[in-house]
Amino acid sequence: MELDLSPRFPKKVYGGDGGSYFAWCPEELPMLRDGNIGAAKLALEKYGLALPRYSDSPKVAYVLQGAGTAGIVLPEKEEKVIAIKKGDSIALPFGVVTWWFNNEDTELVVLFLGETHKGHKAGQFTDFYLTGSNGIFTGFSTEFVGRAWDLDETTVKKLVGSQTGNGIVKVDASLTMPAPKKGDREGFVLNCLEAPLDVDIKDGGRVVVLDTKNLPLVGEVGFGADLVRIDGHSMCSPGFSCDSALQVTYIVGGSGRVQIVGADGKRVLETHVKAGALFIVPRFFVVSKIADSDGLSWFSIVTTPDPIFTHLAGRTSVWKALSPEVLQAAFNVDPEVEKAFRSKRTSDAIFFPPSN
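Computed from a prediction, not measured in an experiment: that's the story for all the values here.

Attention now moves to the environment of Ala91. For Ala91, the location among the structural elements is in strand 8 (residues 88–92). Given a relative accessible area of 2%, Ala91 falls into the buried group.

Put into structure tokens, the structure is as follows:
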């Protein structure tokens, strides 16, 4: 069966005046199901509230646009009320309850990427809502709810039946929502646009890696992430994950070309990507990207908390480690060609600016 790695865009699952929830479909992107990967996006309008929920899968959230507030409750812990903004990454382990609110004019858009190995549906997140028309209260009888919370029947009916919204609602502007607390961001959030750069190549590109060193909760989530930004016409060196991890890539901005090569030297994907597209690189497959004039940026998760990549160009590439005689025989070329090949790309760079 032919492997379909074509980038896809999400489809709207539900929504209303307060905003919408979108998800990538395993039927359209089979690698989601095959790799047990979930991908979704939340878009909140002004005064939009994503009702409290928990998920069957660990996730990393990345704020694509806007600013707002997130409520996070780890199991048996107090609520953290966090101010969020563009560039923020948040690790969300199993069992965490979250809510999201936008009180700004600009739409708040949050990307969610995660694993679904223990989820109800391979390649798809399942959220469990605490309130709303599909909340857990609606499934229990009045008797059970009343006894569990020591409430009379009239109060139970108001509690369960008053919120007719589903997943996302628009709250009244007069309602005062909890104010974020400065200290609550610590240990929960890393802003990838402000964090120290792990890679910085002049006129080439920049990388911020999200791992257990700068965000310990990544260890509980079970996978790492990174934000990569390359300049116009620059190239990201061909490379692969050498620890059997999948790479799940969302195009944040710009546009460019992508090639992926798999087993037997077969090119399994050659395509043009733009903002909003998502694609998955299978284990050990080699991927490379070249930006258009407007540059290219992407946010990825890699299905291991501290990923290791091998790049095939640059001073640290495997080609530089192999002996000249082996390369000469392997390529079946004369020493001059081997020397020319080895002498190029002598820096540690993994991003290559366009040649003048």
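What follows covers the environment of Asn191. By the element assignment, Asn191 lies in strand 13 (residues 189–191). By relative accessible area, which is 6% here, Asn191 ends up buried. When the C-alpha positions of Asn191 and Ser89 are compared, they lie 5.9 Å apart, and in sequence the two are 102 residues distant. With residues near it in sequence (within four places) discarded, Asn191 still touches Lys85, Lys86, Gly87, Asp88 and Arg185. Here Leu193 takes part through its backbone nitrogen, which lies 2.9 Å from a polar atom of the side chain of Asn191.

Turning to a nonpolar patch on the surface, a few remarks are in order. There is a patch of nonpolar side chains on the surface, built from Trp149, Leu151 and Leu159 and spanning about 290 Å² of accessible area. Position of Leu151 relative to the elements: it lies in the loop between helix 2 (142–149) and helix 3 (153–161). Take Leu151: its relative accessible area is 31%, and that puts it in the partly exposed class.

As a further point, take the pairing of strand 2 (residues 19–23). Burial within strand 2 is extensive, with four of its five residues counted as buried. Here five bridges tie strand 1 (residues 11–16) to strand 2, and the two strands are oriented antiparallel to one another. By the bridge assignment, Lys11 is partnered in strand 2 with Ala23. Here five bridges tie strand 2 to strand 3 (residues 37–44), and the two strands are oriented antiparallel to one another. If you follow Phe22 over to strand 3, its bridge partner there is Lys41.

This next bit is on the sheet that holds strand 3. The strands making up a sheet associate through hydrogen bonds between their backbones, and the pairing can be parallel or antiparallel. Overall, antiparallel pairing links the seven strands, which are arranged 1-2-3-10-5-8-13 in an open sheet. Of all the strands in the sheet, just strand 1 and strand 13 have a single pairing partner and so form its edges. Adjacent strand axes in the sheet meet at a mean angle of 20° when their direction is disregarded. Two strands pair when backbone bridges link them, and strand 5 (residues 59–65) and strand 8 are joined in this way by four bridges, in the antiparallel orientation. Across the sheet, the residue bridging to Val60 is Ala91, located in strand 8.

Under the UniProt annotation, the feature "domain: Cupin type-1" (unreviewed entry) is placed at residues 3–157 and 195–339. Span residues 3–157 is 12% helix and 45% strand, its end C-alpha atoms 52 Å apart.

What counts, and at which threshold
- Residue numbers here run from 1 along each chain, matching the order of that chain's written sequence.
- Local features in a predicted model are, by the rule used here, given only for residues with pLDDT of at least 70; side-chain atom pairs are given and counted only at 80 or more, and totals for whole chains, interfaces and linings are based on all residues.
- Hydrogens are left out, water is left out, and the side-chain values use all remaining heavy atoms of the structure.
- Starting at the N terminus, helices and strands are each numbered in turn, a helix being any DSSP run of H or I of at least four residues and a strand any DSSP run of E of at least two.
- Classification of residues uses two cut-offs on accessible area relative to the type maximum, computed with a 1.4 Å probe and protein chains only: under 20% is buried, over 50% is exposed, and between them is partly exposed.
- Residue contacts follow a heavy-atom distance rule, with two residues in contact if any of their heavy atoms lie within 4.5 Å.
- Within 3.5 Å is the distance limit for a polar contact, defined as a pair of N or O atoms, with the added protein rule that one can donate a hydrogen and the other accept it, and that residues adjacent in sequence qualify only through two side-chain atoms.
- To count toward a patch, a residue needs a relative accessible area above 30% and no salt bridge. Like charges then connect within 9 Å, nonpolar side chains (Val, Leu, Ile, Met, Phe, Trp, Tyr) within 5 Å.
- A 1.4 Å probe and the Shrake-Rupley method give the accessible areas. Residues count as covered only by the protein chains that appear here.
- Any Lys or Arg side-chain nitrogen located within 4 Å of an Asp or Glu carboxyl oxygen qualifies as a salt bridge.
- Paired strands, as defined in this entry, are two strands with at least two bridges between them according to DSSP.
- Working convention: axes come from line fits to C-alpha atoms, limited for helices to the stretch in contact. Angles between N-to-C directions cover 0 to 180 degrees.
- UniProt positions are given in the numbering used here, feature names are shortened, and annotations may be inferred rather than shown by experiment.

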